[in-house]
Amino acid sequence: MSTIRELGHFVDGKSVEGASGHFGQVYDPNTGAVQARVALADQAETEAAIASAQAAQPGWAAWNPQRRARVLLKFLQLIESERDELAKLLSSEHGKTLADAQGDIQRGLEVVEFAAGIPHLLKGEFTGSAGTGIDTHSLRQPLGVVAGISPFNFPAMVPLWQLAPSIACGNAFVLKPSERDPSVPLRIAELFLEAGLPPGVLNVVNGAHTAVNTLLADPRVAAVGFVGSTPVAEHVYQTASAGGKRAQCFGGAKNHMVIMPDADLDAAVEALLGAGYGSAGERCMAISVAVPVGKATGDALVAKLLERAKSLKVGHSFDESADYGPLIGPDALERVRGYIDVGVQEGAQLVLDGRGLSLAGHENGFFLGPCLFDHVTAQMRIYREEIFGPVLSVVRVDDYESALRLPSEHEFGNGVSIFTRSGDVARDFTDRVQVGMVGVNVAIPVPVSYHVFGGWKRSGFGDLGQHGPDSIRFNTKTKTVTSRWSEGGGAAARTGGPAASSFVIPTMQ
């Protein structure tokens, strides 16, 4: 009988046990067994992490940007030596395959690499001789204590997206990761300490509602980042904003792929398989809606999709031949199964039903085979709502304008893609579609780390996106300085003369 691990918090540079007496369960999604208990922080424990961050932040901010960048670079060196072990740990708690786990880590590290350029990224603006004897320049200064609330589906990538730019800017950070798969965030904090980050600059508090509400209410927290479901994202954004905090909150998605009649159909099908079923569909950028234009395109697409989806291998997350692994927990499996039931009740045609899948030797795991719905309409719940599982819906349309309207009019606006050989169509689509991230013959249009990631409409709350230049803007406040130095002014100021007491606002002439 295996021993259940006990997971606590990371505060002030130390691993600490939970004191609340409340715990969450961390499953092995492959077997359905509980593999760890994670302590859920109460208000006092969360406030202790905030206090640690507040105490450490001024000293950290006093480090020059190049010195802070060296800590990030050292972290990148340290994590390389144990990437394989981290991927196994991530996979064992989340259920995504080892290849997907490696990708999760890699995309997070790319943002750390971007943030290591902080000496350049923090450079302000300067105008000499803005007026007679007047110079104007701007400074980017840290906010203080910043909090990040991250989701279960990317336990390495999203925490690194949140914390790396923030600490690079001179802030201290309190991370509240998902209690479903908390081990990798805890290890990341330990590695940053080994890399030379002062104790208290990065704290990890595991918890649920109490921890989140404490972070939102505490006046010492200047800004909050969140990634998760739309209802919670909206709540966090509204609560944080009402409390005077800066907030960037990212919610749900319903990402479409439009397949034009001239598209390379084989390429589109392969892209849909990875984007729709990869990581068991538990990705905010997963393609969950295929939109073929025209009956012939729709018929051919569904035929090819059905043939290929049937051949997908669902297996243990450590099985290198598996296309995807289990869902993260029993509630996730039940929820996705419920949506499949709803789709059938609503009249969609379930051409591939994965509910009967049972993995030999892992019958209690949270596995679900690929599911494919055809003839889905925009009025159905399975189209309107995010399913977050290996379920792909085909919504057929007659023409390009109808295809353009579907993602543009949906309440979510995270990502969208179009497959076509026509440059004119692609250009028109990218210009007119009302979605934050667009791919052209690219299924999952997640931008590289030095561009901005962010959805529109009810997929994102707040004016600034994640990583890229927006991450530096979000984690700093701008101070603009206008100065005038007239001949002899220094001596007069030291003696308390007239030049030291002038209150006239200078004119820029």
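- An unreviewed UniProt entry lists the protein chain under the name methylmalonate-semialdehyde dehydrogenase (CoA acylating), from Segniliparus rotundus.

1. Concerning the sheet that holds strand E5 (residues 34-39)
Next, step 1: Within the open sheet, the 3 strands sit side by side as E1-E5-E4. Their pairing is mixed. Unpaired on one side and paired on the other, strand E1 (5-7) and strand E4 (23-27) mark the two borders of the sheet. Mean inter-strand twist for the sheet, computed between neighbouring axes without regard to direction, equals 25°.
Next, step 2: Bridge analysis of E4 against E5 gives 5 bridges, and the strand direction is antiparallel. Pairing of Gly24 across the sheet is with Val38, part of E5.

2. A word on the pattern of salt bridges
Next, step 1: Under the counting rule described, the total for this entry stands at 27 salt bridges.
Next, step 2: When the shortest N-O distance is used, the salt bridge between Glu179 and Lys176 registers 3.3 Å.
Next, step 3: On the basis of relative accessibility, which here comes to 5%, the residue Lys176 falls in the buried class.
Next, step 4: Ionic pairing is found between Arg473 and Asp470, a salt bridge with its closest N-O pair at 2.6 Å. Here Arg473 and its partner Asp470 are both found in helix H16 (residues 469-474), 3 residues apart, which amounts to about one turn of the helix.
Next, step 5: Several salt bridges converge on common partners, so that one network encompasses Glu82, Arg187, Glu190 and Glu194.

3. Focus: the packing of aromatic side chains
The relative placement of two aromatic rings is captured by the distance of their centres and the angle of their planes.
Next, step 1: A full pass over the atoms with the stated rule returns 6 aromatic pairs.
Next, step 2: Ring centres 5.6 Å apart and planes at 85° place the aromatic pair Tyr27 and Phe366 in the edge-to-face group. Of this pair, Tyr27 sits in strand E4 while Phe366 sits in the loop between strand E15 (349-352) and strand E16 (371-374), and the two are 339 residues apart along the sequence.
Next, step 3: For Tyr27, a relative accessible area of 23% puts it in the partly exposed group.
Next, step 4: Taking 6.2 Å as the distance between ring centres and 35° as the angle between the ring planes, the aromatic pair formed by Tyr237 and Phe461 counts as tilted. Of this pair, Tyr237 sits in helix H9 (residues 230-242) while Phe461 sits in strand E22 (residues 460-461); the two residues are 224 residues apart in sequence, bridging distant segments of the chain.
Next, step 5: Arg37 extends its terminal NZ or CZ atom over the ring of Phe23, reaching a point 3.7 Å from the ring centre.
Next, step 6: Over the ring of Phe154 we find Lys96; its NZ or CZ atom is 4.0 Å from the centre of that ring.

4. So, the domain arrangement of the protein chain
Next, step 1: When cut into domains, the protein chain gives domain 1 (5-251 + 459-478) and domain 2 (255-440).
Next, step 2: The straight-line distance from the C-alpha centre of domain 1 to that of domain 2 is 31 Å.
Next, step 3: Between domain 1 and domain 2, the contact holds 23 residues from the first and 28 residues from the second.
Next, step 4: Taking both partners together, domain 1 and domain 2 bury about 2000 Å²; carbon and sulfur atoms supply 57% of that area.
Next, step 5: For domain 1, the biggest contributors to the area lost against domain 2 are Asn30, Arg180 and Ser459; these three give 27% of the whole.
Next, step 6: Here domain 1 and domain 2 share 1 salt bridge between them.
Next, step 7: Where Arg180 meets Asp331, a salt bridge forms, and the shortest distance between an N and an O atom there is 2.3 Å.
Next, step 8: The set of elements that each furnish at least two residues to the side of domain 1 that touches domain 2 consists of helix H3 (83-94) and helix H4 (98-115).
Next, step 9: Counting residues per element, the side of domain 1 that touches domain 2 draws most heavily on H3, at 5 residues.
Next, step 10: Looking at the side of domain 1 that touches domain 2 residue by residue, the classes come out as 5 nonpolar, 11 polar and 7 charged.

5. Here we look at the packing of helix H1 (residues 43-62) against helix H8 (residues 209-217)
Next, step 1: It is at 9 Å that the axes of H1 and H8 come closest, and there the two elements cross at 45°. In terms of orientation, H1 lies oblique with respect to H8. Classified by chirality, the crossing of H8 by H1 is right-handed. Within the contact between the two elements, H1 uses Gln43, Thr46, Glu47 and Ile50 and H8 uses Thr210, Ala211, Thr214 and Leu215.
Next, step 2: Split by residue class, the contact of H1 with H8 holds 3 nonpolar, 4 polar and 1 charged.

6. Side note on unusual backbone geometry
Next, step 1: Phi at Ser129 takes a positive value of approximately 55°, unusual for a residue other than glycine.
Next, step 2: Structurally, Ser129 is set in strand E6 (residues 126-131).
Next, step 3: A positive phi angle is found at His375, which is not glycine, with a value near 60°.
Next, step 4: In this structure, His375 sits in the loop between E16 and helix H13 (381-384).

Reading guide: rules and limits
Residues numbered from 1 in each chain as written. Predicted model: local features only at pLDDT ≥ 70, side-chain atom pairs only at ≥ 80, totals over all residues. Heavy atoms only, no water. Pairing = 2+ DSSP bridges. Helix = DSSP H or I, 4+ residues; strand = E, 2+ residues; numbered from the N terminus. Axes fitted to C-alpha atoms, helices over the stretch in contact; angles between N-to-C directions. Salt bridge = Lys/Arg side-chain N within 4 Å of Asp/Glu carboxyl O. Buried < 20%, exposed > 50% of the residue type's maximum accessible area, 1.4 Å probe, protein only. Phe/Tyr/Trp six-rings, centres within 6.5 Å; stacked < 30°, edge-to-face > 60°. Lys NZ or Arg CZ within 6 Å of the ring centre and 35° of its normal. Domains from an automatic or database assignment. Contact = heavy atoms within 4.5 Å. Buried area = accessible area lost by both parts, 1.4 Å probe. Nonpolar A, V, L, I, M, F, W, Y, C, P; charged D, E, K, R; others polar. Parallel < 35°, antiparallel > 145°, perpendicular 65-115°, else oblique. Left-handed = near helix turned anticlockwise from the far one by under 90°.

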